[in-house]
Amino acid sequence: MNRRASYDGIVVTTPVSIPYVRFSIRAAHWWIGRALAELIRDSHIEKGHIDGFCVSSFTLAPDTAIGLSEHLGLSTRWLDFVPLGGNCGVVSLRRAARAVQSGDAEIVACIAGDTNHVDSFRQGTANFSRFARDAVYPMGAGGPNQSFAYLTDYYMRTFGAEPADFGKMCVAQRQNALKIPYAMFKKPLTMEEYLGARLIADPVRLFDCVMPCAGAEGFLVMRRETAEAAGIKYARVLGAIERHAAFQSDPIQYRGGWALERDELYGQAGVAPADIDFIQVYDDYPVINMLQFEDLGFCGKGEAPAFVRANTLTVDGTFPSNTSGGQLSVGQAGAAGGMLGMVEAIRQLTRQTIGGQVPDAALGLVSGFGMINYDRGLSTGAAILAAA
Amino acid sequence: MTPPLQKPKRKNPILRTRLPVPPPQARSRYALGLLRGAAQGRLELQECRDCGQVQYPPREMCRRCLSDRLDWKPQPEDGELISETLLRHSLELFFRERVPWRTGLVRLRGGVTVVAHIHADVPPPPARVRVRAHLDRAGQAVLVAIPERDTPNMADDKIMREMTCDPKFRKVLVTDGKTAVGQALVKALAKAGADIVWVGNAEPWKNFPGFDEIKSIPQVTLLNLDVTDQRSVREIAGEIAGRVDIVVNNAEVHRTYGISARYGTDAARAEMDVNYFGLLRLAQEFGPALKARGADGVNSAVAWVNLLSIYALANFPPHGTFSASKAAAHSLAQCLRAEMRPTGVRVINVYPGPIDDEWNQLLLPPKIAPGALANAIVNALRQGTEDVYPGDVAQDWLARWRDNPKALEVEASNP
Ligand SMILES: [Zn+2]
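Keep in mind that this is a model prediction, so the values were computed, not measured.

Trainee: Can you break down the coordination of the zinc ion residue by residue, with the values?
Mentor: Residues and elements named next belong to chain B. Each protein donor to the zinc ion is listed here as Cys48 (SG), Cys51 (SG), Cys62 (SG) and Cys65 (SG); together their distances run 2.3 Å. One can describe the donor arrangement at the zinc ion as tetrahedral, given that its four donor atoms subtend angles of 103 to 115° at the metal. Mapped onto the polypeptide sequence, the residues donating to the zinc ion form the spacing pattern C-x2-C-x10-C-x2-C. By relative accessible area, cysteine 62 is classed as buried at 1%.

In structure tokens:
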């Protein structure tokens, strides 16, 4: 039995991506402001009609959503700031959907964006969280490579994943990214290149790592009638869950909060994993793709390596994953990395893709993962969207 | 297994000496609780007084019952390495200069997972380990996982060498060779593999007992060093400061007076001149050269040892002026530590109780033997601790002082 109410009548529209660049002298305000301008341009909705605003960013300080509202000349009756990194796309969607359902807002703009100055990444890592600053960063200052290397090492030892399993996902995502003009990586990747690349933090190799960059992603949330009246293409929200800081007594992370909520997610949507046509998972780093495949019910715990070997993951494959190339190929524009998959899912379901189109895509699953506070990622979420 | 450290080659004088860069220093105030145990070589973690929960990283509240009554308590050191990585890239200069660097996650018996530096002799996970709290080159507490049982040459491991101040292959100055403690130190340091031991002697025209034995040790060179004479200190520093890796300042004057037992200030001045101003002169003349060499390879400048006294913490009235001079030196040593910390040179403060020498003749045992004190100092260098309270009296006074400084004030006046 579901504890959560349904998301009936709520739709997502207007996928926008502000083309990524490796380094930018602009502030996060510019990147998020550009995304807002494109949401308005593409939807033909007037700025004054946007009455809900949901922002995710790591580099907006000293501002938050409220300072940004004045900066961009927005006045809304619903405002949220979602500092959840790789899970911000799902969480923004879910909360915006509830705001629209309850009548607190009619049209919510959800935007994640960050700038990337030359020393931003080191500074952001050194001060990412209190636990990271106290108990991780002084122990080698390897950043996310180090933390995810622990999880990758453990997963490989425990469940028998091989480097080529991670390589297969990276190679497929690169293939998916080749038509994305602003992707950080634009050349095809071969398995030989993947396996031959240097180790960064054993067992993590070069192409397991995302490229930090500047960029922004955004979409709108509204009622179906609103979208139809405005003539905007939309995808329907069938289900969405979030779960934070699950399984705290596990000595090391090998599963995430999805496992606790997935039954309710599929129950809300009235679908099963086998019905899903494509998946957008958080892919920084590829071991996390495997955790999501398992915890979202596409295979059992420890079975993801076999699942990856048995499937093809490209847009035209048996299990299309990260169909725009994901963060691994397009880049990680800070918090926008957590919204990239959501925006791509909307593109797939509204037939507005920049890269390849999954044939007959009717159902997509978007999963988020974020915030390694100490030794594990704390924030998880997932949403199921359907074509109109 | 770690290969034994080879004696470093002579330095190429044309190459630039690598400048010291500290590892990351920022910590929240609660996290500094780890430092207190680490300074003495103990693994202490937060433990909840109300429910017994052990937790790490440090928190403001108990993660189980939300009590704020948290104490830092010694913890069992054993655990299991559950995963690891070899960093080949780091965001910080300190580690960039030292990669590859091994780190991992260790599950302690107490039920917490810690991020630790991993000794090279630890087998791949899953592996049993011991976790130690060490001071790193920033003087901050970090955790190091070492093999379950000692291995040959384990102190020579790259990571250990960055945590400790091992005298092996290092050049040491002992500022006063005429005392029993000084001579015991020279012998202990030579035995620990010091490359050179320079030994100060303020009165070279006298032949003190034991000097012939010291002179016969191959690593030993005697120097005419008088810490009360700025010119003498400067001249000796000009000769050797650029090569000294460890300074052990054991020069002291100890008279047994309080205030009313002796008229005038001559004895007290003599104590201050050696115990306080001597340290200041040495620090001014030798400090800059040591600080510049804090990252100079496997035999970098690494430590400054001050022989203080447990009576620096609370005055011992029968030796009142001596206590006061040591309190002054203790305070100055804190200043020296603050100035040295960013360069990776550790200031080790040693607080013995009464030493078994002529100036403590009238005190009842227990007293610490010069040889035991010297061994405690060499151990501190090898273990990398920075606060040393050797012997029973020092431990007793420390416990009383921590428990209730006011009570100790009264107890000390009624011995
Ligand atoms: Zn408690």
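Structure's up, so let's keep going.
Trainee: Pulling in residues and values, what's your account of the pairing of strand S10 (residues 196-200) of chain B?
Mentor: Residue and element names in this part refer to chain B. Most of S10 sits out of view: five of its five residues are buried. Burial along S10 is two-sided: the residues Ile196, Trp198 and Gly200 and Val197 and Val199 are all buried. Relative to S10, strand S9 (residues 171-174) runs parallel, the two sharing four bridges. Paired with valine 172 across the bridge in S10 is valine 197. Read as a crossover between parallel neighbours, the route from S9 over helix H4 (residues 180-191) to S10 is right-handed. The pairing of S10 with strand S11 (residues 220-223) spans four bridges and is parallel. Each bridged residue has a counterpart across the sheet, and for glycine 200 the counterpart in S11 is leucine 223.

Trainee: Kindly report on the pattern of salt bridges, identifying the contributing residues and their values.
Mentor: According to the stated counting rule, one finds 55 salt bridges over all chains in the structure shown. A:Glu261 is the salt-bridge partner of A:Arg4, the closest N and O atoms lying 2.9 Å from each other. Note that A:Arg4 is positioned in the segment before strand S1 (10-21) and A:Glu261 in helix H10 (residues 258-269), a separation of 257 residues in sequence. Owing to a relative accessible area of 23%, A:Arg4 belongs among the partly exposed residues under this scheme. Of the charged contacts in the structure, one is a salt bridge between B:Lys206 and B:Glu203, with a shortest N-O distance of 3.2 Å. The exposure class of B:Lys206 is partly exposed, given its relative accessible area of 40%. Taken together, the shared-partner salt bridges connect A:Arg3, A:Arg4, A:Arg243, A:Glu261 and A:Glu264 into one network.

Trainee: Can you lay out the side chain of B:Asp245 for me, pointing to particular residues and giving the numbers?
Mentor: All names here are of chain B. Counting through the fold element by element, aspartate 245 comes out in the loop between helix H6 (230-240) and strand S12 (246-249). Using a relative accessible area of 1% as the deciding quantity, one classes aspartate 245 as buried. Setting aside chain neighbours within four positions, we find aspartate 245 in contact with Arg170, Lys171, Leu290, Arg293, Asn299, Ser300, Ala301, Val302 and Ala303.

Trainee: Could you give an account of the domain arrangement of chain A, with specific residues and numbers?
Mentor: All names here are of chain A. Domain annotation of chain A identifies domain 1 (10-118 + 214-235) and domain 2 (140-210 + 238-387). Here domain 1 and domain 2 have C-alpha centroids that lie 23 Å from each other. The interface is formed by 40 residues belonging to domain 1 together with 37 residues belonging to domain 2. Summing the contributions of domain 1 and of domain 2, the shared interface buries around 2,900 Å²; its carbon and sulfur component is 71%. Contact with domain 2 buries surface across domain 1, with Pro15, Tyr20 and Val90 losing the most and accounting together for 23% of the total. Here domain 1 is connected to domain 2 by two salt bridges. In this structure, glutamate 242 and arginine 95 form a salt bridge, with 3.1 Å as the shortest nitrogen-oxygen distance. Linking domain 1 with domain 2 are ten residue pairs in polar contact (both at pLDDT 80 or more). Elements that contribute at least two residues to the side of domain 1 that touches domain 2 include exactly S1, helix H3 (88-102), strand S4 (108-114), strand S7 (214-223) and strand S8 (234-244).

So, how was this worked out
Residues numbered from 1 in each chain as written. Chains lettered and ligands numbered in written order. Predicted model: local features only at pLDDT ≥ 70, side-chain atom pairs only at ≥ 80, totals over all residues. Heavy atoms only, no water. Donors = N, O, S within 2.8 Å, 3.2 Å for Na, K, Ca; no water. Tetrahedral: all angles 85-135°; square planar, octahedral: opposite > 155°, others 65-115°. Buried < 20%, exposed > 50% of the residue type's maximum accessible area, 1.4 Å probe, protein only. Helix = DSSP H or I, 4+ residues; strand = E, 2+ residues; numbered from the N terminus. Pairing = 2+ DSSP bridges. Right-handed = clockwise from strand over helix to strand, strands pointing away. Salt bridge = Lys/Arg side-chain N within 4 Å of Asp/Glu carboxyl O. Contact = heavy atoms within 4.5 Å. Domains from an automatic or database assignment. Buried area = accessible area lost by both parts, 1.4 Å probe. Polar contact = N/O pair within 3.5 Å; in protein donor to acceptor, adjacent residues only side chain to side chain.

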